[in-house]
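# Coordinates in review
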Amino acid sequence: MSRNTSETPLDPKLSKRVEELSQLNNSSSSELIKRILFFCENYQQIVTSICQDKAISESDKQELIQALSNSSNQEELMDVLLKVVLSRNYEIASQKIQEQIDPDFLESLETEDDILAAAVEMTRPR
């Protein structure tokens, strides 16, 4: 059985860090490097998906990519992801509501009392 290995020397600091992380994870250096490469590949796919998603606003895309780039702050990343998901859900709900409401009916509402009465009627349990 042959192994396909590369004998490229690593920077001493990097080599030491890989060894430390390998020991922490109870794995070999090659296993750790495979995990790192797997993470990098997934990261690239995630960023590509975000950039291609037409449903996400440009500002949200930038915020997501910036949060992904700074993975040391997982709380910030979760906040940004939650914001994007909630924003998208709001857009979908708004669109569904707009599809169900007759524009002529909306135009007929002239006063605040008309609007409130229509809102009560629309939300009344059936």
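These remarks concern the structure in this document.

Analysis parameters
Residues numbered from 1 in each chain as written. Predicted model: local features only at pLDDT ≥ 70, side-chain atom pairs only at ≥ 80, totals over all residues. Heavy atoms only, no water. Patch = residues over 30% accessible without salt bridge, like charges linked within 9 Å, V, L, I, M, F, W, Y side chains within 5 Å. Areas by Shrake-Rupley, 256 points an atom, 1.4 Å probe, with all protein chains shown as cover. Salt bridge = Lys/Arg side-chain N within 4 Å of Asp/Glu carboxyl O. Lys, Arg positive; Asp, Glu negative; His and termini not counted. Charge placed at Lys NZ, Arg CZ, Asp CG, Glu CD. Helix = DSSP H or I, 4+ residues; strand = E, 2+ residues; numbered from the N terminus. Buried < 20%, exposed > 50% of the residue type's maximum accessible area, 1.4 Å probe, protein only.

All right, on to a negative patch on the surface then. A cluster of acidic residues, E110, E112, D113 and D114, forms a negative patch on the protein surface. With respect to the helices and strands, the residue D113 is situated in helix 6 (residues 112-123).

Once that is clear, we can look at the pattern of salt bridges. Under the counting rule described, the total for this entry stands at 6 salt bridges. For K83, the salt bridge identified is with E63, shortest N-O distance 2.7 Å. One end of the pair, K83, is in helix 4 (residues 74-100); the other, E63, is in helix 3 (residues 58-69), with 20 residues separating them in the sequence. You can call K83 partly exposed: its relative accessible area is 40%. Here E121 ties to R124 by a salt bridge, and the two come within 2.9 Å at their closest N and O atoms. Accessibility expressed as a relative area gives 40% for E121, which makes it partly exposed. A relative accessible area of 43% means that R124 is categorised as partly exposed. One network of salt bridges, in which partners are shared, links D60, E63 and K83.

Don't take any of this as a statement about function, it's just geometry.
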